[in-house]
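For reference, the chains in residue letters:
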Amino acid sequence: MHLLKTIFLSIILIAPVKANTIYDLIKIPHLEIYKINTENKLKYFYAAAPFRLGTQKNIVCSNPNKKALEKKYKIIYKNLSRYSYDYLKKINLKYIVMCENLSISELYTAGIPDNIMKTLILDIKFNEDYFERVIHHEVFHIIYLQHREIFNDGEWIEFNSSKFKYAECSTCTKNIGLKKYDKTKGFFTEYSKSTAAEDMAEVYSHMIYLKKNEINQIRKLDPILDNKISYIKNKIKQIHNSFTFGD
Amino acid sequence: MIKKIKATVFEKIILIFLILLGVATFGAYFVILNKCLFIKNYNPKNINFKNPNNIAVLKAPCGNVIIELYPDVSPNAVERFKTLIKTNAYDNVAFHRVIKNKLVQAGDLEFGKKGSLDYGKIGNGKSGLGTIKSEIDNNFNFLKGSVGLARTFKNDTEDSQFFIILQDEPLYDGEYTPIGKVLYGLDILEKIKHQRHSEYVLRPNFIKSFKMLN
């Protein structure tokens, strides 16, 4: 045991300090640059080895397979390219971290937003069917965190019928389906019913992802969603006046 | 009667060789100790500058580092930097964070001064002038020799600390406020004391003086 300790200490003492600019900037280890010279100045990194984060080390993600990374990067890049540099600056998003099997406290998740570090961690293996839309859902969480004073959960809850109650938290419910309802009735998906913030993120992501005429159709048929869409539209305008949704 | 013994030629050669070896060893000792040997020192008075009003001269242990400041790129940051230079605030301040071949950082006026160095707090000190807004909306490229203002994790927290990069750092573009670039003396910065196992330096080197050329 003593020998092991000695060897371990020797390695620490012999190993020189390694300069790691990415770690210095966003405090996530084992990342490497995937692409940094993008038009909207988003910088893409990928996990070169598994990493653990957080004070409890409860955020875990693995290094992705190269082929999958190549494929998913194109999708992520295409979707995030619709955001201008000015918009991204206002919402405080600059770094995208791509990894595989992202989990927080052993619960798998599509993304983890961190507006303080200007970082969005994305699981490139997350549900293929909704992958593109979920990117925007996670972007909304960055917006919500960065502009907490703009979004009022109380106001939002008022849009729903008085009988409806959200779950205690986003992971407190088993109803986490992401498939869009055919008949929306105030909610785009089952997951919308988890919390007000998740509901807002679902509305925002659908507003980005669906075509304009589809959104208009939903607005005509569903007065609750019509209100919710107007709310998100107004709030985003407050943040960045020239931002446009849909096609 | 003492009989005089004459040294043979071979013995004389051995003696001369030993003397030379002694001199060489002694000389080498000083050469090894003197990290500044073979480092060219630049005298700013012998150089013509396009904008002499924006030239600052940082005197480090091995010589002068000549920096051109960019008020057009970051007007507020350069103004703050010039204010501190003109009040000699940076004199005797430690290069407290040094990463070999990557960057040197100095400018902690509160905990980094010679004589009152506080290893527990160094890097967190303030100038007393308050923080200034980040100036990152420019297309500045952080290439080797670029000088920037340091900050906390949040923007708009720049104060007196600055860093000079010893290699290109494209990830710093749009992240830190640029204030200038080293024109002469990068090799002098490369000789600043660093620690192998830590970014923070025990018994660091100090800025001897930092002055504007004009």
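Residues numbered from 1 in each chain as written. Chains lettered and ligands numbered in written order. Predicted model: local features only at pLDDT ≥ 70, side-chain atom pairs only at ≥ 80, totals over all residues.

1. A few points about the overall build of chain B
At step 1: Per the secondary structure count, chain B includes three helices and eight strands.
At step 2: In terms of overall dimensions, chain B has C-alpha extents of about 90 × 45 × 30 Å along its principal axes.
At step 3: Here chain B holds 214 residues, and the buried ones make up 38% of them.
At step 4: The contacts of chain B with a sequence gap of at least 6 include a subset with a gap of at least 24, amounting to 66%. (Helix = DSSP H or I, 4+ residues; strand = E, 2+ residues; numbered from the N terminus. Buried ≥ 20, exposed ≤ 12 C-beta atoms within 10 Å, placed from the backbone. Contact = placed C-beta atoms within 7 Å.)

2. Looking at the overall build of chain A
At step 1: The secondary structure content of chain A amounts to nine helices and eight strands.
At step 2: Residues classed as buried in chain A amount to 32% of the 247 residues present.
At step 3: Nonlocal contacts in chain A, meaning residues at least 24 apart in sequence, comprise 61% of its contacts between residues at least 6 apart.

3. What to know about the pairing of strand β6 (residues 162-165) of chain B
Residues and elements named next belong to chain B.
At step 1: Neither face of β6 is open: one carries Phe162 and Ile164, the other Phe163 and Ile165, and all of them are buried.
At step 2: Note that strand β4 (residues 103-106) and β6 share four bridges and pair antiparallel. Paired with Gln105 across the strands is Phe163, a residue of β6.
At step 3: Relative to β6, strand β5 (residues 146-149) is paired through three bridges, and the arrangement is antiparallel. Looking at β6, one finds that Gly148 is bridged to Phe163. (Pairing = 2+ DSSP bridges.)

4. Some points on the interface of chain B and chain A
At step 1: With twelve residues of chain B in contact, the opposing surface of chain A contributes eleven residues.
At step 2: A breakdown of the residues in the side of chain B that touches chain A according to their chemical character gives four nonpolar, three polar and five charged. (Nonpolar A, V, L, I, M, F, W, Y, C, P; charged D, E, K, R; others polar.)

5. Overview of the packing of helix α3 (residues 66-80) of chain A against helix α5 (residues 131-146) of chain A
Residue and element names in this part refer to chain A.
At step 1: At a minimum axis separation of 10 Å, α3 and α5 run at an interaxial angle of 50°. One way to sum up the angle between α3 and α5 is to call them oblique. Between α3 and α5 lies a crossing whose hand is right-handed. Residues Ile75, Ile76, Asn79 and Leu80 of α3 touch α5, and the partners they reach there are Phe131, Glu132, Ile135 and His136. (Axes fitted to C-alpha atoms, helices over the stretch in contact; angles between N-to-C directions. Parallel < 35°, antiparallel > 145°, perpendicular 65-115°, else oblique. Left-handed = near helix turned anticlockwise from the far one by under 90°.)

6. A word on the domain arrangement of chain A
All names here are of chain A.
At step 1: Taken as a whole, chain A is organised into domain 1 (18-146) and domain 2 (147-247).
At step 2: Computed over C-alpha atoms, the centres of domain 1 and domain 2 are 23 Å apart.
At step 3: Counting residues at the interface gives 18 residues for domain 1, matched by 16 residues for domain 2.
At step 4: Among the elements that line the side of domain 1 that touches domain 2, the one with the most residues is α5, at eleven residues.
At step 5: Split into classes, the residues belonging to the side of domain 1 that touches domain 2 amount to nine nonpolar, five polar and four charged. (Domains from an automatic or database assignment.)

7. Section: the pairing of strand β5 (residues 95-104) of chain A
All names here are of chain A.
At step 1: A large share of β5 lies buried, amounting to seven of its ten residues.
At step 2: Note that strand β2 (residues 43-47) and β5 share four bridges and pair parallel. Across the sheet, Tyr46 pairs through a bridge with Met98, a residue of β5.
At step 3: Pairing of strand β4 (residues 59-62) with β5, which is carried by three bridges, proceeds in the antiparallel orientation. The residue bridging Ile59 from the neighbouring strand is Ile104, located in β5.
At step 4: Where β5 and strand β8 (residues 119-123) come together, five bridges link them in parallel fashion. The partner of Ile96 across the bridge, within β8, is Leu120.
At step 5: Strand direction decides the pairing type here: β5 and strand β6 (residues 107-108), joined by two bridges, are antiparallel. Looking at β6, one finds that Ser103 is bridged to Tyr108.
At step 6: Adjacent in sequence and paired antiparallel, β5 and β6 are bridged by two residues, among which Ser105 carries a positive phi angle near 50°.

8. Looking at the sheet that holds strand β1 (residues 55-60) of chain B
Residue and element names in this part refer to chain B.
At step 1: With respect to topology, eight strands assemble into an open sheet ordered β3-β4-β6-β5-β7-β2-β1-β8, the strand pairing being antiparallel. Both edges of this open sheet fall to β3 (97-99) and β8 (209-212), since each of them pairs with a single strand only. On average, each strand axis in the sheet is tilted by 25° relative to the strand beside it, whichever way the strands run.
At step 2: Here three bridges tie β3 to β4, and the two strands are oriented antiparallel to one another. Each residue of the ladder has a partner; that of Arg97, found in β4, is Gln105.
At step 3: Across the sheet, helix α2 (residues 75-86) is in contact with β1, β2 (63-69), β5, β6, β7 (177-184) and β8; its angle to β8 comes to roughly 120°.

9. Focus on the nonpolar core
Buried together is how nonpolar side chains tend to be arranged in soluble globular proteins.
Residue and element names in this part refer to chain A.
At step 1: Residues Ile96, Val97, Met98 and Leu122 are the most contacted members of the largest nonpolar core, which totals 50 residues.
At step 2: Those elements giving two or more residues to this core turn out to be α2 (21-26), β2, α3, β5, β8, α5, α7 (196-209) and α9 (223-239).
At step 3: Built from parts of two domains, this core gets at least three residues from each of domain 1 (18-146) and domain 2 (147-247).
At step 4: When neighbours within four sequence positions are excluded, Val97 is seen to be in contact with Ile28, Leu31, Phe45, Thr119, Ile121 and Leu122. (Core = buried A, V, L, I, M, F, W, Y, C linked by C-beta atoms within 7 Å.)

10. Let's talk about the confidence of the model for chain A
Do not read the fine detail of predicted coordinates wherever pLDDT is low.
At step 1: Of all residues in chain A, 89% attain a pLDDT of 70 or more, and the chain-wide mean is 89.
At step 2: Mean pLDDT across the elements of chain A ranges from a minimum in helix α1 (residues 2-14) of chain A, with 52, to a maximum in β8 of chain A, with 97. (pLDDT = per-residue confidence, 0-100.)

11. Thoughts on the packing of α5 of chain A against α7 of chain A
Residue and element names in this part refer to chain A.
At step 1: In contact at an axis separation of 8 Å, α5 and α7 are set at 125° when each is read in the N-to-C sense. Between α5 and α7, the angle is such that the two are oblique. Crossing of α5 against α7: the hand is right-handed. Together, Glu132, Arg133, Val134, His136, His137, Phe140, His141 and Tyr144 of α5 and Ala197, Met200, Ala201, Glu202, Tyr204, Ser205, Ile208 and Tyr209 of α7 make up the contact between the two elements.
At step 2: Along the lines of polarity and charge, the residues of the contact of α5 with α7 split into nine nonpolar, four polar and three charged.

12. What to know about unusual backbone geometry
Trans is the common state for peptide bonds, and a negative phi is the common state for residues other than glycine.
Residues and elements named next belong to chain A.
At step 1: Phi at Lys41 takes a positive value of approximately 65°, unusual for a residue other than glycine.
At step 2: Looking at the element boundaries, Lys41 is found in the loop between β1 (31-35) and β2.
At step 3: Overall, the presence of 14 C-beta atoms within 10 Å leaves Lys41 in the partly exposed class.

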